[in-house]
Amino acid sequence: MELHVRGDVSSVAEGLRGIAKQLNIHLSTKGYPIDVKNQHGPLRAANKDGHGEITFDKPIHFFRALGLWLEHFHKDHEFDLSENPQFELSGVMLDASRNAVPTVADIEKLLRRMAVMGLDTLMLYTEDTYEVKEYPYFGYMRGRYTTEELKACDDYAGKLGIEMIPCIQALGHLREALKWNDAASIKDTDDILLVDEPKTYEFLENCIRAASEPFQTKRIHIGMDETFQLGLGKYLEKHGFENHIDLMNRHLQKVVSLTDKYGLKPMIWSDMYFTLFAEDSKYRDENGRIREEILASIPDVELVYWNYYQGEQEVYETYFRHHKQLAKKTIFAGGAWTWNGLAPNYGKAIATTEAAMAACKKEGIKEVFVTLWGDNGAETPFSTSMPILQLFAEHTYHKEVTIAHTAKRFAFLNEGHFDDFMMLKRLDETPGVMKDNMNISMTSKVLLYQDVLIGLYDENIRGLSIGEHYQKLVPEMEQAKHNNPKWEKLFEFYEQLARVLSVKAEIGIKIKEVYEKKDFEQMRAFLPKLDWIQANVNLLRQMHRNIWFAAYKPFGWEVIDIRYGGVITRMDSVKYRIHEWLEGRISAIEELEEERLRHDGPWEMFDGLIGGNVYHRIVTAGNFSL
């Protein structure tokens, strides 16, 4: 469509030119006129008497309003829409630390999608995947971003009215950085820095300077979460035991002095202060209030409350009230559940987002963002997060939101069918899994990777007709692929995953049953199926590889290659073992002689959960590292 966008456009002109292609518009003085006003108040998109109108406050509101205008122009003759932002900041945190490091081009694509949704902030989570010139091993062979790459992303974001905020770790979650010998002097435990060590703060100053330098913002997220073993490694040997909150506060004071030096405003994850909230906390006084000296010892930082687990609004409200005791400002972080395994967990993502956003609005939380983690190898493509980002965006501009409304917006802005995307959750939400997969079953991941002869999850799926479930899913995925041409590669990958699992999911159970009957002919009939699995897993790998290399740097794919390669190579050994038995060269297949037990651990196995685990706990009861 040809448009003549005129008026108060100076603050959005560059971004408008950059986003025009995505919106299928051509800018020309001969185009359909849209008058633009930059003023305080709600954003507005209208069309009447042969011309359009857009009113916006912040630049990000212009891009959202333009998307609204185009969507309604294509279906309505005249309209007048307005929206009131519910939050002062609403954005995305993109994980670039668990093998998948999005390319600059892919970040720019995400920024364009965020702009038309109206999401105004992008945090790039980099534990060791940014360049710190003083430490050549920091991020070595991990796809780390150069300063120039980060600056290019920030410049692009700025044109779209999006603030990029660096997000690093300044205490824990640094296993990959601390694994090298050159970090030995600053290491407490395998993934936590050594508090009170001067070299630690020299290291952190270099990191803070390097991480913040490419960005225009003065805000920085310095992490500090999940440091449960703080002070229990080298620190304990050197100094003896000290309570983790005292260590946290002293370390945080020193880190804040560094952010102050560079004029930065830090935020941290708040979970290490949760012990203060317990009713029986030793940090409370006789009246049940957190003691004043404890509150005074917490440095002046913004607290980020992360929670993407509960589906009850009241839980979030309670914790927001707790946080208000500790800090002037609380920020909320929800989750898109891109880290369930191979497929997104949309059921849990929607349930938790709905509850959390309602609580944020009720409790007056002003800044929110949604996390796109990539736990255990980032096997789920981050692009699957788009339906949840759309839901998050609609909550940003409306007090009440329906899935039907979200689906309509998603269809226009992302050129995909919301209901087809929702089908992806069924790869994990199978028979035996509770509604919305709230207990986080990683069914497709465990059944793809588990060994055919050892079958650690066979007892977990026995009697559930899992293979039939996946078999029915294949044609539905194929139809979704045809329904969503812009997302063809993504649906093709998941169609192939369902196809592989329709055969592989229960084959270990069947092989063991035939083996116990000593039915040689039926056992021989499994050999072509093993060939088929081998070939089709390799095809799945190639489809996954195409998606990876279209979005991410190459570093990290080697891990996924090895995982697929393990499945493919093990098929050779499975066939070898069966042949040896069929030909009488061995009297028993020892792996099949073993009684099958339910997979139980190392984490608690809840009802409604088939299995959720990291790769090395799926494929073997042995040890990968020792």
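What comes next concerns the included structure. As the structure is a prediction and not an experimental result, all values here were calculated from the model.

### Looking at the side chain of Glu317
Now for step 1: Within the secondary structure, Glu317 is located in helix α10 (residues 313-324).
Now for step 2: For Glu317, a relative accessible area of 7% puts it in the buried group.
Now for step 3: If sequence neighbours within four positions are ignored, Glu317 has contacts with Ala359, Lys362 and Glu363.

### So, the pattern of salt bridges
Now for step 1: Taken as a whole, this structure holds 54 salt bridges when the rule is applied.
Now for step 2: A salt bridge links Glu394 to Arg409; the nearest nitrogen and oxygen atoms lie 3.9 Å apart. Here Glu394, found in helix α12 (residues 386-397), pairs with Arg409, found in helix α13 (residues 403-414); they are 15 residues apart in sequence, far enough to count as distant. Take Glu394 and Arg409: they sit in the same class, and that class is buried.

### Looking at α13
Now for step 1: Spanning 12 residues, α13 covers 15 Å between terminal C-alpha atoms, matching the ideal 16 Å at 1.5 Å per step.
Now for step 2: The complete set of buried residues in α13 reads Thr406, Ala407, Arg409, Phe410, Leu413 and Asn414.
Now for step 3: Tucked into the core, α13 has its buried residues touching α2 (59-73), α3 (104-117), α12 and α14 (418-422).

### Topic: the sheet that holds strand β6 (residues 79-83)
Now for step 1: A sheet is described by the order of its strands in space; here 6 strands give the open sequence β2-β1-β3-β5-β4-β6, paired in mixed fashion. Because the sheet does not close on itself, it has two edges, and the strands there are β2 (26-27) and β6.
Now for step 2: Pairing analysis gives 5 bridges linking strand β4 (residues 43-48) to strand β5 (residues 51-56), with the strands arranged antiparallel. Directly across from Lys48, in β5, lies its bridge partner His51.
Now for step 3: In the packing of α2 onto the sheet, contacts are made with β1 (2-7), β3 (32-38), β4, β5 and β6, and the angle to β4 comes to roughly 30 degrees.

### A short note on a nonpolar patch on the surface
Now for step 1: A cluster of nonpolar side chains, contributed by Tyr137, Tyr140, Met141 and Phe555, occupies part of the molecular surface with about 390 Å² of accessible area.
Now for step 2: Relative to the assigned elements, Phe555 resides in the loop between α20 (520-551) and α21 (557-582).
Now for step 3: Residue Phe555 is classed as partly exposed on the basis of its relative accessible area of 32%.

Rules used in this analysis
Residues numbered from 1 in each chain as written. Predicted model: local features only at pLDDT ≥ 70, side-chain atom pairs only at ≥ 80, totals over all residues. Heavy atoms only, no water. Helix = DSSP H or I, 4+ residues; strand = E, 2+ residues; numbered from the N terminus. Buried < 20%, exposed > 50% of the residue type's maximum accessible area, 1.4 Å probe, protein only. Contact = heavy atoms within 4.5 Å. Salt bridge = Lys/Arg side-chain N within 4 Å of Asp/Glu carboxyl O. Expected span 1.5 Å × (residues − 1). Pairing = 2+ DSSP bridges. Axes fitted to C-alpha atoms, helices over the stretch in contact; angles between N-to-C directions. Patch = residues over 30% accessible without salt bridge, like charges linked within 9 Å, V, L, I, M, F, W, Y side chains within 5 Å. Areas by Shrake-Rupley, 256 points an atom, 1.4 Å probe, with all protein chains shown as cover.

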